[in-house]
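Observations on the three-dimensional arrangement
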Amino acid sequence: MKKHALLVFSVAVLALAAGCQKDETTSRDADLAGVNVAVGEKKGAFSKLFVLNEGNFQKNNSTLDFLRFSDGNYVSDAFGSMNPAVVQGLGDTGNDLALNNGKLWLVMNGSGYVHVLDAKDETLIASVAVPDPRFIAFDNSHAYVSSYAGAIYGGEEKKGKVYRIDLNTYKVDGEVEVGCQPEGVTVSGGKLYVANSGGYNYVHENTVSVIDLSSFKVTATVSVASNLHFMASDGQEAVYVSSYGESSWSQDSAGNWIQSMSEPMGLYKISGISSTQIKDVHVSCMTTSADGYIYAIGNAGELTGGYSITLYKVAVKDGSVASKALSGTDASKVGNPYGILVNPSNGDIYIADADYTGPGKVWCFTKDLKEKWSAVAGMLPAHMALY
(Lines give C-alpha, C1' and ligand atoms only; values in the text may rest on other atoms or scores of the structure.)
Protein backbone atom coordinates (compact mmCIF):
# COMPACT_ATOMS: atom_id res chain seq x y z
CA MET A 1 0.00 0.00 0.00
CA LYS A 2 1.38 3.37 -0.93
CA LYS A 3 2.12 5.70 1.94
CA HIS A 4 0.01 8.77 2.31
CA ALA A 5 0.65 12.23 3.27
CA LEU A 6 -0.91 15.51 4.28
CA LEU A 7 -0.26 19.32 3.81
CA VAL A 8 2.78 21.09 5.25
CA PHE A 9 2.39 24.19 7.45
CA SER A 10 3.58 26.64 4.82
CA VAL A 11 1.04 25.30 2.32
CA ALA A 12 -1.72 25.57 4.92
CA VAL A 13 -0.88 29.24 5.41
CA LEU A 14 -1.08 29.81 1.64
CA ALA A 15 -4.40 27.97 1.55
CA LEU A 16 -5.80 30.23 4.25
CA ALA A 17 -4.59 33.34 2.46
CA ALA A 18 -6.13 32.13 -0.79
CA GLY A 19 -9.30 30.95 0.90
CA CYS A 20 -11.48 34.04 0.73
CA GLN A 21 -15.05 33.27 -0.28
CA LYS A 22 -15.31 32.38 -3.97
CA ASP A 23 -18.37 32.95 -6.15
CA GLU A 24 -19.42 29.44 -7.20
CA THR A 25 -21.96 30.80 -9.70
CA THR A 26 -19.15 32.02 -11.95
CA SER A 27 -17.25 28.75 -11.89
CA ARG A 28 -17.41 26.27 -14.78
CA ASP A 29 -18.00 23.45 -12.29
CA ALA A 30 -20.98 25.13 -10.61
CA ASP A 31 -23.42 22.79 -12.36
CA LEU A 32 -21.71 19.55 -11.37
CA ALA A 33 -24.22 17.38 -9.52
CA GLY A 34 -23.35 16.03 -6.11
CA VAL A 35 -24.83 14.30 -3.10
CA ASN A 36 -25.99 16.73 -0.45
CA VAL A 37 -24.32 15.88 2.84
CA ALA A 38 -24.16 19.08 4.88
CA VAL A 39 -25.69 22.39 5.71
CA GLY A 40 -24.24 25.06 3.45
CA GLU A 41 -21.60 27.45 4.78
CA LYS A 42 -21.96 30.40 2.43
CA LYS A 43 -20.20 32.78 4.81
CA GLY A 44 -17.31 30.47 5.63
CA ALA A 45 -13.67 31.18 4.85
CA PHE A 46 -13.46 28.49 2.16
CA SER A 47 -15.42 27.46 -0.92
CA LYS A 48 -14.35 23.84 -1.29
CA LEU A 49 -12.78 20.90 0.45
CA PHE A 50 -10.81 18.89 -2.11
CA VAL A 51 -10.28 15.15 -1.59
CA LEU A 52 -7.71 13.14 -3.54
CA ASN A 53 -8.62 9.46 -3.57
CA GLU A 54 -5.36 7.55 -3.82
CA GLY A 55 -6.81 4.58 -5.67
CA ASN A 56 -5.38 1.08 -5.94
CA PHE A 57 -1.80 0.73 -7.16
CA GLN A 58 -1.66 -0.01 -10.91
CA LYS A 59 -5.47 0.18 -11.24
CA ASN A 60 -5.53 3.73 -12.65
CA ASN A 61 -8.52 4.61 -10.45
CA SER A 62 -7.39 7.72 -8.60
CA THR A 63 -10.08 10.43 -8.48
CA LEU A 64 -10.50 13.99 -7.25
CA ASP A 65 -13.67 14.93 -5.33
CA PHE A 66 -14.77 18.12 -3.65
CA LEU A 67 -17.34 19.31 -1.14
CA ARG A 68 -18.92 22.61 -2.19
CA PHE A 69 -19.54 24.47 1.07
CA SER A 70 -22.11 26.89 -0.38
CA ASP A 71 -24.71 24.17 -0.92
CA GLY A 72 -23.31 21.16 0.95
CA ASN A 73 -22.95 19.02 -2.19
CA TYR A 74 -20.21 16.40 -2.35
CA VAL A 75 -19.10 16.01 -5.99
CA SER A 76 -17.31 12.80 -7.01
CA ASP A 77 -14.65 12.56 -9.74
CA ALA A 78 -14.63 16.27 -10.50
CA PHE A 79 -11.44 15.93 -12.54
CA GLY A 80 -13.05 13.39 -14.86
CA SER A 81 -16.12 15.57 -15.34
CA MET A 82 -14.15 18.74 -16.05
CA ASN A 83 -11.49 17.12 -18.26
CA PRO A 84 -13.31 14.59 -20.46
CA ALA A 85 -10.63 14.74 -23.15
CA VAL A 86 -8.03 13.27 -20.77
CA VAL A 87 -8.58 9.65 -21.75
CA GLN A 88 -6.74 8.02 -18.86
CA GLY A 89 -8.38 10.26 -16.29
CA LEU A 90 -6.42 11.47 -13.29
CA GLY A 91 -4.07 8.48 -13.36
CA ASP A 92 -2.57 6.01 -10.94
CA THR A 93 -1.91 6.32 -7.18
CA GLY A 94 -2.46 9.89 -6.05
CA ASN A 95 0.19 10.36 -3.38
CA ASP A 96 -0.07 14.04 -2.43
CA LEU A 97 -2.31 17.08 -2.92
CA ALA A 98 -1.39 20.72 -2.28
CA LEU A 99 -2.80 24.16 -3.02
CA ASN A 100 -0.50 26.97 -4.13
CA ASN A 101 -1.56 30.37 -5.45
CA GLY A 102 -4.97 29.23 -6.67
CA LYS A 103 -3.67 26.05 -8.28
CA LEU A 104 -4.00 22.44 -7.18
CA TRP A 105 -0.92 20.25 -7.50
CA LEU A 106 -1.62 16.51 -7.60
CA VAL A 107 1.30 14.11 -7.22
CA MET A 108 0.56 10.90 -9.12
CA ASN A 109 3.07 8.30 -7.99
CA GLY A 110 2.08 5.38 -10.21
CA SER A 111 1.66 7.48 -13.34
CA GLY A 112 4.87 9.46 -12.87
CA TYR A 113 3.24 12.87 -13.25
CA VAL A 114 2.49 15.98 -11.25
CA HIS A 115 -0.76 17.52 -12.49
CA VAL A 116 -1.48 21.24 -12.09
CA LEU A 117 -5.17 22.24 -12.01
CA ASP A 118 -7.09 25.48 -11.72
CA ALA A 119 -8.59 25.15 -8.24
CA LYS A 120 -11.61 27.20 -9.28
CA ASP A 121 -12.92 24.62 -11.74
CA GLU A 122 -10.52 21.60 -11.71
CA THR A 123 -9.44 22.11 -15.33
CA LEU A 124 -6.00 20.78 -16.24
CA ILE A 125 -3.30 23.41 -16.77
CA ALA A 126 -0.18 21.25 -17.09
CA SER A 127 1.23 17.78 -16.45
CA VAL A 128 4.87 17.56 -15.42
CA ALA A 129 6.72 14.25 -15.81
CA VAL A 130 8.54 13.24 -12.62
CA PRO A 131 9.67 9.63 -12.01
CA ASP A 132 8.07 7.99 -8.95
CA PRO A 133 6.92 11.27 -7.35
CA ARG A 134 5.90 11.21 -3.68
CA PHE A 135 5.36 14.59 -1.95
CA ILE A 136 5.47 18.28 -2.81
CA ALA A 137 6.38 21.61 -1.17
CA PHE A 138 6.77 25.19 -2.43
CA ASP A 139 8.65 28.44 -2.10
CA ASN A 140 7.92 31.64 -4.03
CA SER A 141 9.40 30.43 -7.30
CA HIS A 142 9.43 26.63 -7.39
CA ALA A 143 7.71 23.42 -6.44
CA TYR A 144 9.89 20.66 -4.98
CA VAL A 145 8.90 17.02 -5.47
CA SER A 146 10.48 14.04 -3.71
CA SER A 147 11.05 10.98 -5.90
CA TYR A 148 12.01 7.35 -5.44
CA ALA A 149 13.91 7.77 -8.72
CA GLY A 150 13.37 4.25 -10.04
CA ALA A 151 13.94 2.29 -6.82
CA ILE A 152 12.56 -1.25 -6.87
CA TYR A 153 11.17 -3.01 -3.80
CA GLY A 154 13.62 -5.62 -2.57
CA GLY A 155 16.36 -4.41 -4.89
CA GLU A 156 19.61 -2.66 -4.20
CA GLU A 157 19.69 0.46 -2.06
CA LYS A 158 19.04 3.21 -4.58
CA LYS A 159 19.21 6.88 -3.72
CA GLY A 160 16.18 9.07 -4.32
CA LYS A 161 15.99 12.60 -5.68
CA VAL A 162 14.20 15.91 -5.36
CA TYR A 163 13.03 17.52 -8.60
CA ARG A 164 12.58 21.30 -8.86
CA ILE A 165 9.70 22.65 -10.99
CA ASP A 166 9.45 26.28 -12.10
CA LEU A 167 6.07 27.71 -11.04
CA ASN A 168 5.77 29.83 -14.17
CA THR A 169 6.84 27.42 -16.89
CA TYR A 170 5.86 24.09 -15.23
CA LYS A 171 9.22 22.70 -16.34
CA VAL A 172 11.71 20.70 -14.29
CA ASP A 173 14.82 22.87 -14.03
CA GLY A 174 16.88 21.05 -11.41
CA GLU A 175 17.38 17.84 -9.45
CA VAL A 176 19.45 16.74 -6.47
CA GLU A 177 20.18 13.34 -4.96
CA VAL A 178 19.07 12.62 -1.38
CA GLY A 179 18.59 9.44 0.70
CA CYS A 180 16.77 6.24 -0.19
CA GLN A 181 13.02 6.46 -0.88
CA PRO A 182 12.41 10.07 0.19
CA GLU A 183 8.92 10.94 1.40
CA GLY A 184 7.72 14.19 2.98
CA VAL A 185 9.26 17.57 2.13
CA THR A 186 8.91 21.01 3.68
CA VAL A 187 10.46 24.45 3.19
CA SER A 188 11.79 26.50 6.10
CA GLY A 189 14.31 29.33 6.35
CA GLY A 190 15.58 29.05 2.77
CA LYS A 191 16.10 25.31 3.10
CA LEU A 192 14.24 22.23 1.93
CA TYR A 193 13.99 19.33 4.38
CA VAL A 194 13.49 15.82 2.98
CA ALA A 195 12.44 12.76 5.01
CA ASN A 196 14.39 9.70 3.82
CA SER A 197 12.48 6.49 4.61
CA GLY A 198 14.53 3.72 3.02
CA GLY A 199 11.19 1.94 2.89
CA TYR A 200 12.34 -0.51 0.22
CA ASN A 201 15.47 -1.50 2.12
CA TYR A 202 15.94 -4.26 4.68
CA VAL A 203 17.32 -1.64 7.08
CA HIS A 204 15.35 1.59 6.89
CA GLU A 205 16.88 5.04 6.60
CA ASN A 206 16.84 7.39 9.60
CA THR A 207 17.93 10.71 8.12
CA VAL A 208 16.58 14.04 6.92
CA SER A 209 18.44 15.67 4.04
CA VAL A 210 18.79 19.47 4.22
CA ILE A 211 19.00 21.25 0.86
CA ASP A 212 20.07 24.88 0.52
CA LEU A 213 17.57 26.32 -1.96
CA SER A 214 19.86 29.02 -3.33
CA SER A 215 22.48 26.50 -4.45
CA PHE A 216 20.10 23.51 -4.63
CA LYS A 217 22.67 21.26 -2.97
CA VAL A 218 22.52 19.05 0.12
CA THR A 219 24.35 20.90 2.89
CA ALA A 220 23.54 18.68 5.90
CA THR A 221 22.12 15.32 6.92
CA VAL A 222 20.30 15.01 10.25
CA SER A 223 19.94 11.65 12.02
CA VAL A 224 16.45 11.27 13.49
CA ALA A 225 14.62 7.91 13.67
CA SER A 226 13.83 4.93 11.50
CA ASN A 227 11.48 4.97 8.50
CA LEU A 228 10.69 8.70 8.31
CA HIS A 229 7.61 9.93 6.51
CA PHE A 230 5.67 13.21 6.94
CA MET A 231 7.31 16.63 7.29
CA ALA A 232 6.04 20.03 8.43
CA SER A 233 7.44 23.47 9.16
CA ASP A 234 6.65 25.58 12.22
CA GLY A 235 6.76 28.69 10.04
CA GLN A 236 9.96 29.86 11.72
CA GLU A 237 13.20 27.85 11.75
CA ALA A 238 12.27 24.43 13.16
CA VAL A 239 10.64 21.53 11.30
CA TYR A 240 8.83 18.38 12.37
CA VAL A 241 9.09 14.87 10.93
CA SER A 242 7.15 11.69 11.68
CA SER A 243 8.44 8.14 11.84
CA TYR A 244 6.63 4.92 11.04
CA GLY A 245 8.94 3.13 13.47
CA GLU A 246 10.12 -0.45 13.12
CA SER A 247 8.07 -3.62 13.28
CA SER A 248 8.32 -7.27 12.35
CA TRP A 249 5.65 -9.82 11.47
CA SER A 250 5.32 -13.47 12.48
CA GLN A 251 2.63 -16.14 12.37
CA ASP A 252 1.17 -17.90 15.39
CA SER A 253 0.14 -21.56 15.48
CA ALA A 254 -3.23 -20.71 13.94
CA GLY A 255 -1.62 -18.92 11.02
CA ASN A 256 -2.56 -15.43 12.20
CA TRP A 257 -0.06 -12.67 11.44
CA ILE A 258 1.21 -10.89 14.54
CA GLN A 259 2.95 -7.51 14.42
CA SER A 260 5.73 -6.82 16.91
CA MET A 261 6.81 -3.21 17.30
CA SER A 262 10.47 -2.65 18.22
CA GLU A 263 10.26 1.12 17.70
CA PRO A 264 6.93 2.98 17.84
CA MET A 265 5.60 5.52 15.41
CA GLY A 266 6.68 8.95 16.54
CA LEU A 267 7.07 12.69 15.97
CA TYR A 268 10.39 14.58 16.10
CA LYS A 269 11.39 18.23 16.08
CA ILE A 270 14.51 19.29 14.16
CA SER A 271 16.33 22.47 15.13
CA GLY A 272 19.57 23.11 13.28
CA ILE A 273 21.20 19.70 12.88
CA SER A 274 19.79 18.09 16.04
CA SER A 275 16.47 16.37 16.69
CA THR A 276 14.35 15.73 19.78
CA GLN A 277 11.36 13.44 20.16
CA ILE A 278 7.91 14.79 20.99
CA LYS A 279 7.01 12.17 23.58
CA ASP A 280 3.93 9.96 23.48
CA VAL A 281 2.77 10.95 19.99
CA HIS A 282 2.07 8.05 17.61
CA VAL A 283 1.65 9.18 14.00
CA SER A 284 -0.01 7.21 11.23
CA CYS A 285 -1.28 10.35 9.49
CA MET A 286 -0.83 14.04 10.22
CA THR A 287 -1.39 17.57 9.00
CA THR A 288 -0.40 21.07 10.00
CA SER A 289 -2.82 23.94 10.23
CA ALA A 290 -2.59 27.71 10.05
CA ASP A 291 -3.86 27.81 13.65
CA GLY A 292 -0.34 26.83 14.77
CA TYR A 293 -0.84 23.15 15.52
CA ILE A 294 0.08 19.77 14.12
CA TYR A 295 -2.84 17.35 14.20
CA ALA A 296 -2.06 13.63 14.10
CA ILE A 297 -3.86 10.33 14.47
CA GLY A 298 -2.19 7.15 15.69
CA ASN A 299 -2.51 4.06 17.83
CA ALA A 300 -1.47 4.85 21.42
CA GLY A 301 -1.49 1.13 22.27
CA GLU A 302 0.78 -0.09 19.47
CA LEU A 303 3.68 -1.20 21.67
CA THR A 304 1.49 -3.31 23.95
CA GLY A 305 -0.60 -4.86 21.18
CA GLY A 306 -3.58 -2.66 21.99
CA TYR A 307 -5.76 -0.58 19.71
CA SER A 308 -6.41 2.92 21.04
CA ILE A 309 -6.80 5.31 18.10
CA THR A 310 -5.95 8.77 19.40
CA LEU A 311 -6.06 12.33 18.09
CA TYR A 312 -3.01 14.42 18.99
CA LYS A 313 -2.79 18.21 18.90
CA VAL A 314 0.81 19.44 19.03
CA ALA A 315 1.64 23.15 19.41
CA VAL A 316 4.43 23.96 16.94
CA LYS A 317 5.74 26.83 19.10
CA ASP A 318 6.74 24.65 22.05
CA GLY A 319 5.89 21.02 21.25
CA SER A 320 3.24 20.72 23.96
CA VAL A 321 0.73 17.92 23.34
CA ALA A 322 -2.97 17.45 23.99
CA SER A 323 -4.47 14.05 23.15
CA LYS A 324 -7.93 12.51 23.03
CA ALA A 325 -8.94 8.92 22.28
CA LEU A 326 -11.48 8.54 19.47
CA SER A 327 -13.35 5.89 21.46
CA GLY A 328 -16.39 7.33 23.21
CA THR A 329 -16.72 10.10 20.62
CA ASP A 330 -18.51 10.33 17.28
CA ALA A 331 -15.11 9.88 15.63
CA SER A 332 -15.08 6.26 16.79
CA LYS A 333 -17.17 5.62 13.65
CA VAL A 334 -13.98 6.03 11.57
CA GLY A 335 -12.75 2.58 10.61
CA ASN A 336 -9.30 3.21 9.14
CA PRO A 337 -8.05 6.81 9.46
CA TYR A 338 -5.92 7.42 6.37
CA GLY A 339 -5.68 11.20 6.23
CA ILE A 340 -6.52 14.27 8.30
CA LEU A 341 -7.02 17.99 7.68
CA VAL A 342 -8.19 20.81 9.95
CA ASN A 343 -10.15 23.93 9.00
CA PRO A 344 -8.23 26.75 10.72
CA SER A 345 -11.20 29.11 10.58
CA ASN A 346 -13.65 27.04 12.63
CA GLY A 347 -11.67 24.07 13.99
CA ASP A 348 -13.55 21.41 12.00
CA ILE A 349 -11.58 18.18 11.61
CA TYR A 350 -11.81 16.21 8.36
CA ILE A 351 -10.76 12.55 8.47
CA ALA A 352 -10.32 10.36 5.39
CA ASP A 353 -11.46 6.80 6.11
CA ALA A 354 -10.04 4.06 3.87
CA ASP A 355 -12.00 0.85 3.32
CA TYR A 356 -9.20 -0.76 1.22
CA THR A 357 -11.64 -3.05 -0.65
CA GLY A 358 -14.29 -0.50 -1.66
CA PRO A 359 -15.13 3.20 -1.61
CA GLY A 360 -14.00 5.06 1.48
CA LYS A 361 -15.59 7.92 3.37
CA VAL A 362 -14.79 11.46 4.40
CA TRP A 363 -15.96 12.55 7.85
CA CYS A 364 -16.31 16.05 9.28
CA PHE A 365 -16.22 16.50 13.05
CA THR A 366 -16.23 19.57 15.23
CA LYS A 367 -13.13 20.30 17.32
CA ASP A 368 -14.92 18.38 20.10
CA LEU A 369 -15.25 15.35 17.79
CA LYS A 370 -18.99 15.63 17.25
CA GLU A 371 -20.09 14.53 13.78
CA LYS A 372 -21.21 17.24 11.34
CA TRP A 373 -21.41 15.23 8.11
CA SER A 374 -19.94 12.33 6.17
CA ALA A 375 -19.71 11.49 2.47
CA VAL A 376 -18.93 8.41 0.40
CA ALA A 377 -15.64 9.04 -1.42
CA GLY A 378 -13.58 7.09 -3.94
CA MET A 379 -10.99 4.36 -3.43
CA LEU A 380 -8.64 5.15 -0.55
CA PRO A 381 -9.36 8.81 0.22
CA ALA A 382 -6.17 10.17 1.74
CA HIS A 383 -5.18 13.75 0.87
CA MET A 384 -7.23 16.90 1.37
CA ALA A 385 -6.95 20.63 0.79
CA LEU A 386 -9.15 23.66 1.49
CA TYR A 387 -9.79 26.33 -1.16
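The preceding data block contains the structure.
None of these values were measured; they are calculated from a predicted model. (Residues numbered from 1 in each chain as written. Predicted model: local features only at pLDDT ≥ 70, side-chain atom pairs only at ≥ 80, totals over all residues. Heavy atoms only, no water.)

1. With respect to the sheet that holds strand β2 (residues 48-53)
Under the convention used in this document: Two strands are said to pair when DSSP picks up at least two bridges between them. Strands are runs of DSSP state E lasting at least two residues, helices are runs of H or I lasting at least four, and both sets are numbered from the N terminus onward.
Judged by pairing direction, the sheet is antiparallel, and its 5 strands sit side by side in the order β1-β4-β3-β2-β31 without closing on themselves. Pairing within the sheet leaves two strands with one partner each, and these edge strands are β1 (35-36) and β31 (381-386). Direction of pairing for β2 relative to β31: antiparallel, over a ladder of 5 bridges. The partner of Asn53 across the bridge, within β31, is Pro381.

2. Focus: the environment of Val208
Stated formally: Three exposure classes are used, based on accessible area relative to the maximum for each residue type with a 1.4 Å probe and protein chains only: buried under 20%, partly exposed in between, and exposed over 50%.
Looking at where Val208 falls in the secondary structure, it is placed in strand β15 (residues 207-212). Exposure remark for Val208: the relative accessible area of 0% places this residue in the buried category. In this structure, the C-alpha to C-alpha distance between Val208 and Pro182, residues 26 residues apart in sequence, is 8.9 Å.

3. Regarding the side chain of Glu205
Cut-off, in case you're wondering: Whenever two N or O atoms come within 3.5 Å, that pair is a polar contact, provided that in protein one can donate a hydrogen and the other can accept it, and provided that, for residues adjacent in sequence, both atoms are side-chain atoms. Note on contacts: a residue pair is in contact if any heavy atoms of the two residues lie within 4.5 Å.
Examined against the element boundaries, Glu205 turns out to sit in the loop between β14 (191-196) and β15. One polar contact links Glu205 to Thr207, side chain to side chain, over a distance of 3.1 Å. Setting aside anything within four residues of it in sequence, one finds Glu205 in contact with Lys159, Gly179, Cys180, Asn196, Ser197, Gly198, Ala225, Ser226, Asn227 and Leu228.

4. Observations concerning the nonpolar core
Worth spelling out the cut-off: We call a set of buried residues a nonpolar core when its members are Ala, Val, Leu, Ile, Met, Phe, Trp, Tyr or Cys and they connect through side-chain atoms within 4.5 Å of each other.
Membership of the largest hydrophobic core comes to 28 residues, with the highest contact counts inside it found for Val162, Leu192, Ile211, Leu267 and Met286. Of all the secondary-structure elements, those providing two or more residues to this core are β9 (133-138), β12 (172-180), β13 (182-188), β14, β17 (228-233), β24 (293-299) and β25 (309-315). For Ile211, the contacting residues outside a window of four places in its chain are Val162, Val176, Val178, Gly190, Lys191, Leu192, Val194, Phe216, Lys217 and Val218. In this structure, Phe79, Leu97, Leu106 and Tyr387 belong to the second largest nonpolar core, which totals 19 residues.

5. Things to note about the pattern of salt bridges
This is how it is decided: When a carboxyl oxygen of Asp or Glu lies within 4 Å of a side-chain nitrogen of Lys or Arg, that pair is called a salt bridge.
Taken as a whole, this structure holds 8 salt bridges when the rule is applied. For Arg134, the salt bridge goes to Glu183, with nearest N and O atoms at 3.1 Å. Note that Arg134 is positioned in strand β9 and Glu183 in strand β13, a separation of 49 residues in sequence. Of the two residues, Arg134 and Glu183, both sit in the buried class. Here Lys372 makes a salt bridge to Asp348, at a shortest N to O gap of 2.8 Å. Here Lys372 is found in strand β30 (residues 371-379), whereas its partner Asp348 is found in the loop between β27 (337-342) and β28 (349-353), with 24 residues between them in sequence. Residue classification places Asp348 among the buried residues on the basis of a relative accessible area of 3%.

6. Details of the state of the cysteines
Our working definition: The disulfide criterion is simple: two cysteine sulfur atoms within 2.5 Å.
For the structure shown, the criterion picks out 0 disulfides. Not engaged in a disulfide, the cysteine Cys285 finds its nearest cysteine sulfur in Cys364; these two sulfurs lie 15 Å apart. Residue class for Cys285 comes out buried when judged on its relative accessible area of 0%.

7. Here's the deal with the pairing of strand β26 (residues 321-325)
Alignment of β25 against β26, held across 5 bridges, turns out to be antiparallel. By the bridge assignment, Val314 is partnered in β26 with Val321. The hairpin turn running from β25 into β26, its antiparallel successor, is 5 residues long, and Gly319 in that turn takes a positive phi close to 75 degrees.

8. Considering unusual backbone geometry
Not every positive phi belongs to a glycine, and Asp132 is a case in point at roughly 50 degrees. Along the polypeptide, Asp132 turns up in the loop between β8 (124-129) and β9. A relative accessible area of 26% places Asp132 in the partly exposed class. Positive phi, close to 55 degrees, is recorded for Ala149, a residue that is not glycine. With respect to the helices and strands, Ala149 occurs in the loop between β10 (142-147) and β11 (159-166). Taking relative accessible area as the criterion, Ala149 reaches 13% and is therefore assigned buried.

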